Every structure is written in structure tokens, then in C-alpha cells.
Amino acid sequence: MSDSAVNVPPIDWRANLERLGLTLPEVAAPVAAYVPAVRSGSHVYTSGQLPFVSGRLSATGKVGAEVSLEEAVAAARWCALNALAAVHGLVGLDEVVRIVKVVGFVASAPGFVDQPLVINGASELLGEVFGPAGEHARSAVGVFELPKNTPVEVELIAEVR
């Protein structure tokens with residue numbers, strides 16, 4: 001167990017989600033040969049999560065073309081919420097000590113260079129849900145295509161008790 005997991009009080013993620021008007025969705029079914037999340041030691045690693053809302057993608061297309069920056073930020077929030085559902089489905093969010101790392105992929109139209117602003121949608125949601133324990137290291141990567149023509153995909157690593 002890492003030093004950060006010692007004597008850390010549980011986070012009231014339920015109250016924070018309620019305050020945001022959000023509920024934790026069901027774990028998104030894998031679209032290929034993988035599992036939504038795995039635990040290794042004191043960390044949970046999620047597979048890349050797409051912005052599914054009630055079984056449908058919140059947007060499709062490239063950011064900076066068919067998808068606006070605002071729509072992409074909202075999609076990144078859904079990706080993060082789906083990643084939290086994957087963690088919850090495996091170990092329960094009550095076990096989360098902190099979010100360690102977020103990696104976000106943005107399907108980008110030529111010339112679109114604001115990938116960090118898109119992935120802020122995920123990062124800010126994690127901060128709103130976990131407070132200081134939601135602060136994390138991060139990468140925001142522009143790519144040509146993502147699965148299912150989604151504009152955003154997010155994966156995370158969470159430290160757990």
C-alpha cells in the first residue's frame with residue numbers, strides 16, 4: 001500500500017455526484033475482447049471508455065469539424081463517468097484513495113490543437129467528484145480516428161485501499 005492510502009478518509013462521492021445532478025451509470029459493455037477494468041495491487045486500470053449515455057454515444061465525428069469543443073468537453077465528462085462506473089463495478093468507489101492518472105484521446109480534425117481543453121472535461125469531473133483526491137497526472141492526445149467514430153476516449157488509473 002502506498003503512503004497516500006494510509007489514514008485517508010473515504011470520499012463522499014455519492015453526495016458529490018448528487019450535487020452535480022449525476023448518477024453512476026451501469027458499466028458500459030465492452031465493444032471488443034477486453035474487460036472494463038482490472039486491479040493490480042493497489043491500483044485499478046480502466047479500459048478506454050467512450051461517451052456512452054444510456055447505451056448511445058453522446059456525439060460522433062471529429063472535434064473541430066462535426067463536433068464542437070463544448071460537445072467534446074461534455075463527451076469527456078461522460079467518458080470519465082463511465083470510467084468511474086468501471087472502477088465501481090470492480091471494487092466500489094468507496095475504495096478509491098485517489099485518481100492517479102488520466103489518459104484522454106481526442107479524434108481531431110486537421111488543425112485542431114485544443115486536446116487539453118477537451119480532456120479538461122474529464123479532469124474537472126474527477127475533481128468535482130473526489131476533491132483533492134481527484135487531482136491527477138494526465139495526457140491528452142490528438143488522434144485521427146477512435147472506435148465507433150467517437151470524438152473522445154478516456155482511461156484512468158485509480159489508487160484503491
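Caption draft 1: Fine view of the packing of aromatic side chains. According to the stated counting rule, one finds zero aromatic pairs in the structure shown. One residue, Lys62, lies across the ring of Phe144, its end atom 4.4 Å from the ring centre.

Caption draft 2: Summary view of the packing of helix α2 (residues 69-90) against helix α3 (residues 115-130). One way to put it is that α2 packs onto α3 with a least axis distance of 7 Å and a crossing angle of 45°. Classified by the angle their axes make, α2 and α3 are oblique. Judged by the sense of rotation from one axis to the other, the crossing of α2 with α3 is right-handed. Contact with α2, carried on its side by Leu69, Ala72, Val73, Ala76, Arg77, Ala80, Leu81 and Leu84, involves Leu117, Val118, Ile119, Gly121, Ala122, Glu124, Leu125, Leu126, Glu128, Val129 and Phe130 of α3 and no other residues of that element. Within the contact of α2 with α3, the residues separate by chemical class into 15 nonpolar, one polar and three charged.

Caption draft 3: Structural detail: the pairing of strand β6 (residues 137-143). Bridging between strand β5 (residues 96-107) and β6 involves seven bridges; their strand directions are parallel. Looking across to β6, one finds that Val106 is bridged to Gly142. Regarding the hand of the β-α-β motif, the stretch spanning β5, α3 and β6 is right-handed.

Caption draft 4: Spotlight on the sheet that holds strand β7 (residues 152-160). The mixed open sheet is built from five strands, whose spatial order is β1-β2-β7-β5-β6. Edge strands, defined here as strands with exactly one partner in the open sheet, are β1 (37-40) and β6. Neighbour-to-neighbour, the strand axes of the sheet open up by a mean angle of 15°, direction not taken into account. Packed onto the sheet, α2 meets β1, β2 (43-46), β5 and β7 and runs at close to 40° relative to β7. In this fold α3 packs onto β5, β6 and β7, with an angle of close to 160° to the strand it touches most, β5.

The rules behind each value
Residues numbered from 1 in each chain as written. Predicted model: local features only at pLDDT ≥ 70, side-chain atom pairs only at ≥ 80, totals over all residues. Heavy atoms only, no water. Phe/Tyr/Trp six-rings, centres within 6.5 Å; stacked < 30°, edge-to-face > 60°. Lys NZ or Arg CZ within 6 Å of the ring centre and 35° of its normal. Axes fitted to C-alpha atoms, helices over the stretch in contact; angles between N-to-C directions. Helix = DSSP H or I, 4+ residues; strand = E, 2+ residues; numbered from the N terminus. Parallel < 35°, antiparallel > 145°, perpendicular 65-115°, else oblique. Left-handed = near helix turned anticlockwise from the far one by under 90°. Contact = heavy atoms within 4.5 Å. Nonpolar A, V, L, I, M, F, W, Y, C, P; charged D, E, K, R; others polar. Pairing = 2+ DSSP bridges. Right-handed = clockwise from strand over helix to strand, strands pointing away.

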